[in-house]
Number of protein chains: 2
Amino acid sequence: MTQPIPAPVLPTRGSRRPLGLGEVRITGGFWARRQQVNASATLDHCRQWMERVGWIDNFRVAASGGPLGERRRGREFSDSEVYKLLEAMVWEAARTPGSALDADVDELTDTVVAAQEGDGYLNTAFGHPGRPARYSDLEWGHELYCAGHLIQAGVAQLRTRGDGALAKAAIRAADHICHVFGPGGANPGLCGHAEIETALAELHRATGERRYLDQAALFLERRGHGSLAGGEFSPEYFQDDVPVRQAHTLRGHAVRALYLASGAVDVAVETGDGELLAAVVRQWEHATARRTYLTGGMGSHHRDEGFGEDFVLPPDRAYSETCASVASLMLSWRLLLATGDPRYADLAERTLYNVIAASPADDGRSFFYANTLHQRVRGTVPPHDSDRPRSESGLRAPWFAVSCCLPNVARTLAALGGYVATADDGGLQLHQYADAEITTRTAGGERLALRVRTGYPADGTVAVTVDEAPTGPWSLSLRVPGWAGDGARLVTPDGQRRPVRPGTAVVPGTLRTGDEVRLELPVTPRWVHPDPRVDAVRGTIALERGPVVYCVESADLPGGRDVDAVTVDPSVPPRDGEGDRVVVAGELTGARSGGWWPYAYDRPPAPAGERAELTLVPYLTWASRGPSTMRVWMPTAPGAAGERAAAPEG
Amino acid sequence: MTQPIPAPVLPTRGSRRPLGLGEVRITGGFWARRQQVNASATLDHCRQWMERVGWIDNFRVAASGGPLGERRRGREFSDSEVYKLLEAMVWEAARTPGSALDADVDELTDTVVAAQEGDGYLNTAFGHPGRPARYSDLEWGHELYCAGHLIQAGVAQLRTRGDGALAKAAIRAADHICHVFGPGGANPGLCGHAEIETALAELHRATGERRYLDQAALFLERRGHGSLAGGEFSPEYFQDDVPVRQAHTLRGHAVRALYLASGAVDVAVETGDGELLAAVVRQWEHATARRTYLTGGMGSHHRDEGFGEDFVLPPDRAYSETCASVASLMLSWRLLLATGDPRYADLAERTLYNVIAASPADDGRSFFYANTLHQRVRGTVPPHDSDRPRSESGLRAPWFAVSCCLPNVARTLAALGGYVATADDGGLQLHQYADAEITTRTAGGERLALRVRTGYPADGTVAVTVDEAPTGPWSLSLRVPGWAGDGARLVTPDGQRRPVRPGTAVVPGTLRTGDEVRLELPVTPRWVHPDPRVDAVRGTIALERGPVVYCVESADLPGGRDVDAVTVDPSVPPRDGEGDRVVVAGELTGARSGGWWPYAYDRPPAPAGERAELTLVPYLTWASRGPSTMRVWMPTAPGAAGERAAAPEG
């Protein structure tokens, strides 16, 4: 690298080089609006709440040397939320040069760094008067996890400003960790929550210092030998049951699993460890095919915030933590950069539109922590002045006792330009579609400038205009999403319109300045069938339009009905409704009666239903009109408990 | 009462008087075998484990006055397991007079009571050097919960021996609690885990002391005002969201909810509080109709061991804690005694056969803590020398870090004779069927002796012979289970065979010595359909035979298949197989292939299946032949994702 590229992930090897935030400017549409709300509302919202609940004050008290003890606020990992917010602010400052954010970053950094100790250690929950000793609870203490997020924030500063106090603090923290946990160091342990691995690998990439990569690799090798098993949770929860290079799937706590896999890809790519990379690819394939919700959400268990066993994907008990979707995007993007395989961008797109975009409210000031696919009871309005249980409301909440998801979404949205496009020696690849201006240099050092114009995802046409082409041959590739089936068309500058299959569509020939190509994606609404092994959704169907998953919500049902009154008729093709709505045919059933026991020896009678047109809305917008019930998977026949007739004699 | 009746529940008012262990002797068959295993293996197994893990030693250390501090073993509620074991031993000693158990009870009581303090307080986790202060954590400390189980054990002793050191300790503990928590006492709080309420009410019944009942009522009134909300859990978890007399359903932590409801019935009955009784009836009806598994199991959530929302009953994430089934039996029995309604005995029967009997292994030395209705992955053999996570094994385990379920099942089995029959002024009512000898006195003081002979539940004929009839008129009632539909027949001494409907069948006329009546219940296998609102089992069907729920288990499938290969054809009537097995028609499908993404725009092809006869086994026996996969709800058509054909254009 000749100079820092402001990108969240920047491998020195691999199949593709990501374009950074300076190269991809999202200029309008779906994601620009969300970036704008993130910048103007969410960052400030997070900062205010972190002050209010004392998580920033923890650093002030720690810096003062006074006893933290009982005065410390928040959970053991609350420092990391401040770091994630700092990372978000750093990316946002780079995205919008000239804003006052640089000064805000410096001010908050001063507060944080004042608590850093002489040897580089920085954590407000351990090692202070009245607090447990440093590294006395690696399993649950999250010290290395917190340091990892500090380092990621520092890496963001290295890649945007080139240097700064935050970057320096990150490097000091990393040096301390290498000293304590490195070969011959005092501590041969590992953290209960993966994160330090990917952070150290990125710091290696940002500084060129090999020791950070070696330390990341060492942490990876230490995991999988059953040394972590905390209380009610088994080693699997910590991904400590099987070494990462031997595991066959993602398992245990979803965020931990996905952060760990991300770190493993980083190390595999940087060290040329094909076996390790293949192991993560295998785990991604298994978990995507068997442990992933239609929305891209991962992790179905509430108890341990973990992956369930294969095909355990109950919509009404979907945990699908927002942070797991951020972690899934991190992993998918790394695998895309390593392999060039467009499936990773397919999952990233699905996750972006249906989990990451679903979490924040329109105003960027309340959030879903968990993302259920079926809300059975109308939510209760969360009190705006108190902490909320993380997943029990049925409505977005302004803050949580564990508020990881808010700054995690914020840093992702601020850095989103870094997940759009890649380059290689042959040209440029577009993976996600948004109004954007893309300016980069080819391997030969020539300028290449493109404009992308699209109404995506509402509209399926993506127009790419070449504003400045290099002189030599180069090629433009466009991802054709899997959901496009055989409906996608590519229109080339010569006016030819040709079908393109899901995967990577390479525009034939070499585009010149002024040329325009158009990708036409079929965004007519379509029914979706689940794998029959997903028992929890047998006998139901869902609907998608483009990359957007739809749902039926009580707000659109007549007569105050709830969504359990709905069945749909997939034999009638769905059609576009007003705005982003879709209209389908179905039935609205009356109230179902039931006896004192919900199981019967005769097939329960189907309640009287009336044919109806039903309005579906994008899942990502649900619960934005007040408390509601909602479901993504809709039954296809009322009252059906089985497909064959039951025997007359029960 | 003229003299103590050895019964686990003994209201002074209500619709029915329970017959005690001295009046009902289970002499053979299904339950006698389990009582025998409980007596000969489980009690000793529990005691040995409690010594091994130090839970009994906690009392010794506490009695010595030395610092418990870090030396204390087990969770904060481990004392209660010792008390539950003591209660089980007391009932068992009464069931089998002349055994050495009385001496064992006295010895273990000595150990426990030595730790009781001068003011009656007894708890090894609080109030000792190095331990938190008494009542410093009412929310999670379980001190009153533990005392409740001590009192229940003491009540058992009062009702079997009339007196003893255990009873005295219980009374001292209760007096202490009334002093501290009573009107004008130092502490206006309540316990995070209900149990003390029913215990105090029973102690009132056993001693005639009104203050215990008043204290139970006071604890009930204190709950429901949002004073408990611990960490991640909301007041609902503790049933502290709504006062018990206002709540519309059972909710939150299932064992807590069911213990609380049991205490509320006790208080309602003793105080003649019809409003309170009606409230619990309403809650039972709602929870039974909407929040109960086919097995009778309650509580679907793993995260909080709690009831889910209505119809959230995923079979593969069924928590259905064994202790919740014990608590459900406690509640059902109390409601039956209060109202005489046979539905409560129906649920009790279902719970007894399909949860309580399913938990212990044949040898009484390993147990299910949670009782899933769908095991997707073959279990791993639990190591016999370490604690086990409570629900993750897929096999019964000898012990758990939280081992409440073992002594809870043990005390239930030992006292089971107390849940079989009741009397009232008009005669005698049989609620559960087992080989038994029943001897009691009528309201007029005359002897009444019956013999019950049956092969139940394998056989549906229950023969009742009158060995000694009172001279005056009296009547015998027999419960006809709901599952019998219109298939039950009653054969009277005159040879008449008449249909009897589910509910209570009163034998016409007055039976005389030597008379025999026969109840014939239709135990042919039958299909069961779920309420269509139980989304998680849409498109599936289950099978019952008599009160026994069946399942398909991989051990009975050819070619090493797992249960996801099974679909059943309910149009073919099921038939009896060998022993207790049932044979149904269905298909065995081959392996299903899948792409990298488990959702498709064309209906997934049904994999090739072969017609097959499938052997089902009683759910209660599952996992007794080694690791297996299992399901209760079986799909009725392979590969079906919806009942109507999908539109050709996806």
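Residues numbered from 1 in each chain as written. Chains lettered and ligands numbered in written order. Predicted model: local features only at pLDDT ≥ 70, side-chain atom pairs only at ≥ 80, totals over all residues. Heavy atoms only, no water.

Looking at an unreviewed UniProt entry, one finds chain A named Glycoside hydrolase family 127 protein and attributed to Actinacidiphila glaucinigra.

A. Inspection of the overall build of chain A at higher detail. Broken down by element type, chain A carries 14 helices and 23 strands. A compact globule built from 650 residues would reach a C-alpha radius of gyration of about 26 Å, and chain A, at 25 Å, matches this within 12%. Principal axes of the C-alpha set define a box for chain A whose edges measure 80 × 65 × 45 Å. Relative to its full complement of 650 residues, chain A shows a buried share of 66%. (Helix = DSSP H or I, 4+ residues; strand = E, 2+ residues; numbered from the N terminus. Rg over C-alpha atoms; globule rule 2.2 N^0.38 Å. Buried < 20%, exposed > 50% of the residue type's maximum accessible area, 1.4 Å probe, protein only.)

B. Region of interest: the confidence of the model for chain A. Per-residue confidence for chain A gives a mean pLDDT of 93; residues scoring 70 or more make up 95%. Below pLDDT 50 for its whole length, residues 639-650 of chain A participates in 40 contacts with residues either more than four positions away or in separate chains. (pLDDT = per-residue confidence, 0-100. Contact = heavy atoms within 4.5 Å.)

C. Representation of the pattern of salt bridges. Under the definition given, this model contains 114 salt bridges over all chains. Put simply, Glu-437 of chain B and Arg-25 of chain B hold a salt bridge, and the shortest N to O gap is 3.4 Å. One end of the pair, Glu-437 of chain B, is in strand S6 (residues 435-441); the other, Arg-25 of chain B, is in strand S2 (residues 24-28), and 412 residues separate them in sequence. The network of salt bridges with common partners includes Arg-159, Glu-202, Arg-205, Asp-266, Glu-270 and Arg-334 of chain A. (Salt bridge = Lys/Arg side-chain N within 4 Å of Asp/Glu carboxyl O.)

D. The arrangement of the relation of the copies chain B and chain A in detail. You can overlay chain B on chain A at an RMSD of 0.0 Å; the transform is a turn of 180° with a shift of 0.0 Å along its axis. Taken together, these values place the two copies in the relation of a two-fold axis. Among all residues of chain B, the one whose C-alpha sits closest to the rotation axis is Arg-303 of chain B, at a distance of 1.8 Å. (Least-squares fit on C-alpha atoms with pLDDT ≥ 70 in both.)

E. Structural view of the sheet that holds strand S13 (residues 516-520) of chain A. Residue and element names in this part refer to chain A. In space, the 7 strands of this open sheet follow the order S2-S6-S7-S8-S13-S10-S11, with antiparallel pairing throughout. In this open sheet, the two strands that pair with only one neighbour each are strand S2 (24-28) and strand S11 (497-499). The average undirected angle you get between the axes of adjacent strands in this sheet is 20°. (Pairing = 2+ DSSP bridges. Axes fitted to C-alpha atoms, helices over the stretch in contact; angles between N-to-C directions.)

F. Here's a closer look at the sheet that holds strand S4 (residues 421-424) of chain A. Residue and element names in this part refer to chain A. One open sheet accounts for 5 strands, arranged S1-S4-S5-S9-S12; its pairing is mixed. With one partner strand each, in any of the chains shown, strand S1 (17-18) and strand S12 (503-506) form the two edges of the open sheet. Lying over the sheet, helix H13 (residues 342-356) contacts strand S9 (475-480) and S12, oriented at roughly 55° with respect to S9.

G. Inspection of the interface of chain B and chain A at higher detail. Contacts between the two partners involve 81 residues from chain B, matched on the other side by 80 residues from chain A. Taken together, the connections running from chain B to chain A amount to 4 salt bridges. A salt bridge links Arg-631 of chain A to Asp-535 of chain B, with the shortest nitrogen-to-oxygen separation between them at 2.7 Å. For the side of chain B that touches chain A, the secondary-structure elements that each account for two or more residues are helix H10 (274-290), helix H12 (342-356), strand S14 (526-530), strand S15 (540-545) and strand S20 (599-600) of chain B. A total of 5 residues in the side of chain B that touches chain A trace back to one element, the largest contributor, which is S14 of chain B. Residues belonging to the side of chain B that touches chain A are distributed by class as follows: 35 nonpolar, 19 polar and 27 charged. (Nonpolar A, V, L, I, M, F, W, Y, C, P; charged D, E, K, R; others polar.)

H. Representation of the packing of helix H5 (residues 143-160) of chain B against helix H7 (residues 196-207) of chain B within the structure. All names here are of chain B. Between H5 and H7, the shortest axis-to-axis distance is 8 Å and the interhelical angle comes to 25°. Relative to H7, the element H5 is oriented roughly parallel. For the crossing formed where H5 meets H7, the hand is left-handed. On the side of H5, the interface is formed by Leu-144, Ala-147, Gly-148, Ile-151, Gln-152, Val-155, Leu-158 and Arg-159, while H7 contributes Ile-196, Thr-198, Ala-199, Leu-200, Glu-202, Leu-203, Arg-205, Ala-206 and Thr-207. Partitioned by chemical class, the residues of the contact of H5 with H7 number 10 nonpolar, 4 polar and 3 charged. (Parallel < 35°, antiparallel > 145°, perpendicular 65-115°, else oblique. Left-handed = near helix turned anticlockwise from the far one by under 90°.)

I. Highlighting H10 of chain B. Residues and elements named next belong to chain B. Given a rise of 1.5 Å per residue, 17 residues ought to cover 24 Å, and the 24 Å separating the end C-alpha atoms of H10 matches this to within 8%. Buried within H10 we find Leu-276, Leu-277, Ala-279, Val-280, Val-281, Gln-283, Trp-284, His-286, Ala-287, Thr-288 and Ala-289. Those residues of H10 that are buried lie in contact with helix H8 (210-222), helix H9 (254-271), helix H11 (322-339) and H12. (Expected span 1.5 Å × (residues − 1).)

J. Summary view of the side chain of Gln-429 of chain B. Residues and elements named next belong to chain B. Within the element layout of this structure, Gln-429 appears in strand S5 (residues 427-430). Residue classification places Gln-429 among the buried positions, given a relative accessible area of 6%. A polar atom in the side chain of Gln-429 sits 3.4 Å from the side chain of Arg-16. Here Gly-427 takes part through its backbone oxygen, which lies 3.4 Å from a polar atom of the side chain of Gln-429. Among residues more than four places away in sequence, those in contact with Gln-429 are Arg-16, Val-420, Ala-421, Thr-422, Ala-423, Asp-424 and Ser-477. (Polar contact = N/O pair within 3.5 Å; in protein donor to acceptor, adjacent residues only side chain to side chain.)

K. Examining the environment of Leu-200 of chain A more closely. All names here are of chain A. Here Leu-200 shows up in helix H8 (residues 196-207). A residue is classified by how much of its surface remains accessible, and Leu-200, at 0% relative accessible area, is buried. Between the C-alpha atoms of Leu-200 and Phe-233, which are 33 residues apart in sequence, the distance is 27 Å.

L. Representation of unusual backbone geometry in the model. Put simply, Tyr-456 of chain A and Pro-457 of chain A share a cis peptide bond, and its omega is 5°. The backbone of Gln-239 of chain A shows a phi angle near 55°, a positive value even though the residue is not glycine. Within the secondary structure layout, Gln-239 of chain A lies in the loop between helix H9 (210-222) and helix H10 (254-271). One non-glycine residue, Phe-311 of chain B, lies in the positive phi region at around 70°. In this fold, Phe-311 of chain B is placed in the loop between H10 and H11.

M. Local environment of the environment of Asp-425 of chain B. Residue and element names in this part refer to chain B. Considering the arrangement of structural elements, one finds Asp-425 in the loop between strand S4 (421-424) and S5. On the basis of relative accessibility, which here comes to 73%, the residue Asp-425 falls in the exposed class. Along the sequence, Asp-425 and Thr-442 sit 17 residues apart, while their C-alpha atoms lie 7.3 Å from each other.

N. The arrangement of the environment of Ile-356 of chain B in detail. All names here are of chain B. Along the chain, Ile-356 falls in helix H12. What makes Ile-356 buried here is its relative accessible area of 0%. Spatially, the C-alpha atom of Ile-356 lies 22 Å from that of Val-265, the residues being 91 residues apart in sequence. Once residues lying within four places of it in the same chain are set aside, the contact partners of Ile-356 are Ser-325, Val-326, Leu-329, Thr-351, Val-409 and Thr-412.

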